[in-house]
Every structure is written in C-alpha cells, then in structure tokens.
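Listed below, chain by chain, are the residues.
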Amino acid sequence: MAMLPLFDSTILSRQVQSVRQMGAEKIIFLSPTMHAELLQYADDLKNHDIKVDIARNAEDLQRYVSQDDDLIFLADGVFPDASIEQELLEQSDELIYVVANADHYQNFERIDLTHRWLGITILRSERLAEIADIPDDWNIGSALLRTAVQAECRRELVSDADMETDAVLLLQNAQESAAYAKRQLNEIALPKQNFLDQFVTWPLMRKLMPLLWQSENAKNYSGFASLGAAALALILGFLGWPVLSLALLFAGSLALVLRHRISVFSTQNSKVILVGLCFRTIAAIVLTVAVVHHAKPDALFADITILLLLCGNLWLAHTQSVGRGLQRITPDIPLILLTLFIASAFGFFTIGLYSVTLICLAYLIIAQRENVSRE
C-alpha cells in the first residue's frame, strides 16, 4: 500500500513528510522483503541528507533505534492531518490514537469493546525489547500496540466528526487513494481564478490530475510539453504562421499551469520556477515575432512598446491582492494568449494586443483603488 500513487508521489512519501513534520530525525521502514521500489526510495532520501534505515523484523528495529529515543509509529497506508501532526510534535508522553469501536471503522485494528487503534502511536524505545522475540510472521505494529495497551498508555480519541473530515486516513487500495485525491481536489480553493480558469481550465484539470498522479513522471512530461509547444510556436512564428504559433503557445501555457497544479499538495521546487521562466522568455519572443509580422512599418515601434507594457501589466497583476469580485477578470498568461490567438485568427491581432493591454491597465487601476479603499 505504501507505494500507491497519491498526488504527485506515493503514500509512503506522504507518511515520510508527515513524520518529519512531527520532528522525526530518522526514518525506519518496516519491510520483511527488500522491494526494489523501497530501496530506490530510501536511496533518494539519503541523497537528500535524510537518515533512513530498513528493518526486516523486530530484532533489526532494535539495532536502528537509540536507547533514549521516542518512537513514532505509522501503520501501512495511514497518515494523520496537520492538527494531529502538531499534537505529536508537542507530545512528550506515550500515546495511542484511537477511534470508537464501530462497524464503519472495521479496517482499523480493534483494541477492546470500546476502541479501535488508528495505526498511530508514540512510544518509548524500550518497548522494542518487549517484542524482540516475536515470530517473523507477527505484525510489529500489532505487537507494539499490545505492549502499549498492557502498559496502560494514554489513549487519544479522535471523534467521528474529525474522522469524517479526514483527520486520519487509511488508504488500502488504489480506488481509495484515487477517491481521496478527487475529494481533496474538489475542496481546494485556488487564489485569483479568472472566469476561464474557474469554469473551463480548472474543472478539466481536476478530472485529469488523478490520472496523471499515477505516473511519477507526469510533472516532467507536462513541463517538457510546455517548453516543446513554446519552441515549436517560435519556429512557426519565424516561418510566418502566427495564428498556429499563438495556438501552440496557448496550449503550452495550459501545460505549464498543469505542471504547477500537479504539485498543488506538495512543495514546489526550483525546477518548477525554472521551467516557468524559460516558457515566459520564449513566449515573449514569440509575441515579439507576431507583433513584427502584423505591425505596419511605421507603427512597429509603438506596437513593441505596447507589448512591453502588456508584459509589465501582467507581472503587476500577478502581484496584486484583489477582492473576490475582481478575481473573475484577473488577466493571466493563458487568458491573454487565448485572446490574442482569437484576434489573430480573425485578422485583428494588433487590435487584440491593444485591447488586452488596456484591459490589464484598467484592472490594475481598479485593483489599486480597491486596495486604497480597504486601507
């Protein structure tokens, strides 16, 4: 279950991220067999200076844990929300997370007639000595739970209401993983969505992203697609096909947006920023070529100036904080490129260029007045 796809990584990656947020200094994977995927993932973590070991059984586990350490245990496929992560970060005593013993929690291990274990525990490392001799076919998590229950460790009850809002998740198969991903996508609120993004782009991407998350290279592919479309648009622009060039540039901008949103639940890295910078640079060149193609000789300098003004306005619009009403008309790169493509297709590229520049300028003026009135 640990290697099931979740967002742009796996459930295991999400668990590692979770325990590191709880303050874990070392990660130990419990696996009786050394799967190639697990070994590769452990090597990747080590390359990022994260301490990692793989234990086959309880005896191995003892060797990798120091005498005075606290042990945070997450069962396979289980991870908590941010509030529980914060509680465990501040916790200094042994603790077992439980839920009420009810039929709809049957996937969790039953402790007694009152509670079921949620697969989350913080224990003292000396508890490992109590399970050192368990048979290899016995579950280490269950053994740790039994020792904690016998020692009467405190139990933290997670309410039914919190469980309904995914306070603790147990993902056991690909269907549950996909359902959770879709649920998270439906609940997310993206900032500064204009009407194109809200009603067309984002709904389509919400349907596509759970499929892309199943491929760990989907983010790279979308980045290559955005840069490839931009490069092809540049070539077609120089060959004198501005309409097709702008169409490809618009498609590339959507691929770039998709690349960013594939990582909407994970930390974006510098490569994402670099791909965006490369795309915007090529896009500026393509638009310059389009301006040269459409402009009259005596108006070329004026049109280039308008293009520079448009680029500056777009950057300023990106930095503005605006109210919900104004968000619907926020100018962004896909919307501007779509407008210029349609204008070029009907032979009005220059008019379209001047129009979108004026719209961006009007947006900035209204946003500035709105910010002043709020202050």
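Residues numbered from 1 in each chain as written. Predicted model: local features only at pLDDT ≥ 70, side-chain atom pairs only at ≥ 80, totals over all residues. Heavy atoms only, no water.

A closer look at the overall build of the chain
- Scanning the chain from terminus to terminus reveals 15 helices and 11 strands.
- In terms of overall dimensions, the chain is more spread out than a globule: its C-alpha atoms have a radius of gyration of 27 Å, far above the 21 Å expected for 375 residues.
- Overall, the chain is about 90 × 45 × 35 Å in size when its C-alpha atoms are taken along their principal axes.
- Among the 375 residues that make up the chain, the fraction classed as buried is 45%.
- Summed over its atoms, the accessible surface of the chain is roughly 20100 Å², and 58% of this surface lies on carbon and sulfur atoms.
- For the chain, the distance from the average site of its 29 positive side-chain charges to the average site of its 42 negative ones is 9 Å. (Helix = DSSP H or I, 4+ residues; strand = E, 2+ residues; numbered from the N terminus. Rg over C-alpha atoms; globule rule 2.2 N^0.38 Å. Buried < 20%, exposed > 50% of the residue type's maximum accessible area, 1.4 Å probe, protein only. Areas by Shrake-Rupley, 256 points an atom, 1.4 Å probe, with all protein chains shown as cover. Lys, Arg positive; Asp, Glu negative; His and termini not counted. Charge placed at Lys NZ, Arg CZ, Asp CG, Glu CD.)

Regarding the pattern of salt bridges
- Per the stated rule, a full pass over the model turns up 9 salt bridges.
- Between Glu-94 and Arg-127 there is a salt bridge whose closest N-O contact spans 2.9 Å. With Glu-94 in the loop between helix H4 (82-90) and strand E7 (95-100) and Arg-127 in the loop between strand E9 (115-124) and helix H5 (140-150), this pair connects stretches of sequence that are 33 residues apart. In this structure, Glu-94 and Arg-127 share a single accessibility class: buried.
- Two residues, Glu-109 and Arg-146, come together in a salt bridge whose shortest N-O distance is 3.1 Å. Taken as a pair, Glu-109 in strand E8 (residues 109-110) and Arg-146 in helix H5 lie far apart in primary sequence, 37 residues in all.
- Relative accessible area serves as the criterion here: at 23%, Glu-109 is assigned to the partly exposed category. (Salt bridge = Lys/Arg side-chain N within 4 Å of Asp/Glu carboxyl O.)

Considerations on the packing of helix H7 (residues 174-187) against helix H8 (residues 195-212)
- Relative to each other, H7 and H8 sit at 160°, their axes nearing to 9 Å. In terms of orientation, H7 lies roughly antiparallel with respect to H8. The two elements H7 and H8 cross, and the hand of that crossing is right-handed. Where H7 abuts H8, its residues Lys-182, Leu-185 and Asn-186 lie against Trp-202, Arg-206, Met-209 and Pro-210.
- Of the residues belonging to the contact of H7 with H8, the class tally is 4 nonpolar, 1 polar and 2 charged. (Axes fitted to C-alpha atoms, helices over the stretch in contact; angles between N-to-C directions. Parallel < 35°, antiparallel > 145°, perpendicular 65-115°, else oblique. Left-handed = near helix turned anticlockwise from the far one by under 90°. Contact = heavy atoms within 4.5 Å. Nonpolar A, V, L, I, M, F, W, Y, C, P; charged D, E, K, R; others polar.)

A closer look at the pairing of E7
- Counting buried positions over the 6 residues of E7 gives 5, a clear majority of the element.
- Across 5 bridges, E7 lies against E9 in antiparallel orientation. Its bridge partner lying in E9, Val-98 is registered against Trp-117.
- Where E7 and strand E10 (residues 154-157) come together, 4 bridges link them in parallel fashion. Within E10, the residue paired with Val-98 across the bridge is Leu-157. (Pairing = 2+ DSSP bridges.)

Here's the deal with the nonpolar core
- In this structure, Phe-29, Tyr-97, Leu-118, Ile-131, Leu-144 and Met-163 are the most contacted members of the largest nonpolar core, which totals 53 residues.
- Setting aside chain neighbours within four positions, we find Met-163 in contact with Val-99, Tyr-105, Phe-108, Leu-118, Val-158 and Val-168.
- Counting 27 residues, the second-largest nonpolar core is a separate cluster that includes Ile-282, Ala-283, Leu-307 and Phe-349. (Core = buried A, V, L, I, M, F, W, Y, C linked by side-chain atoms within 4.5 Å.)

Re H8
- With 18 residues, H8 extends 24 Å between its outermost C-alpha atoms, agreeing within 8% with the 26 Å of an ideal straight helix rising 1.5 Å per residue.
- At Thr-201, H8 is deflected by roughly 40°, the largest bend along its length, and proline Pro-203 occurs up to four residues later in sequence.
- Restricting attention to buried positions, one finds in H8 the residues Leu-196, Asp-197, Thr-201, Trp-202, Met-205, Met-209 and Pro-210.
- Structurally, H8 contributes buried residues whose contacts are with H7, helix H10 (242-262) and helix H14 (333-345).
- Residue Asn-194 occupies the N-cap position of H8, its side-chain oxygen lying 3.2 Å from the main-chain nitrogen of Leu-196. (Expected span 1.5 Å × (residues − 1). Bend = angle between axes of the 7 residues up to and from the residue. Polar contact = N/O pair within 3.5 Å; in protein donor to acceptor, adjacent residues only side chain to side chain.)

Side note on unusual backbone geometry
- Even without being glycine, Asp-49 reaches a positive phi, approximately 60°.
- Position of Asp-49 among the secondary structure elements: in the loop between helix H2 (36-47) and strand E4 (51-55).

Describing the pairing of E9
- Of all 10 residues making up E9, 9 are buried, and the element is well covered by its neighbours.
- Note: E8 against E9, 2 bridges, orientation antiparallel. When the sheet's bridge partners are listed, Arg-110 is paired in E9 with Arg-116.
- Where E8 folds back on E9, the antiparallel hairpin that results is connected by 4 residues.

So, to be careful, I would describe these as geometric facts and stop short of saying anything about function.
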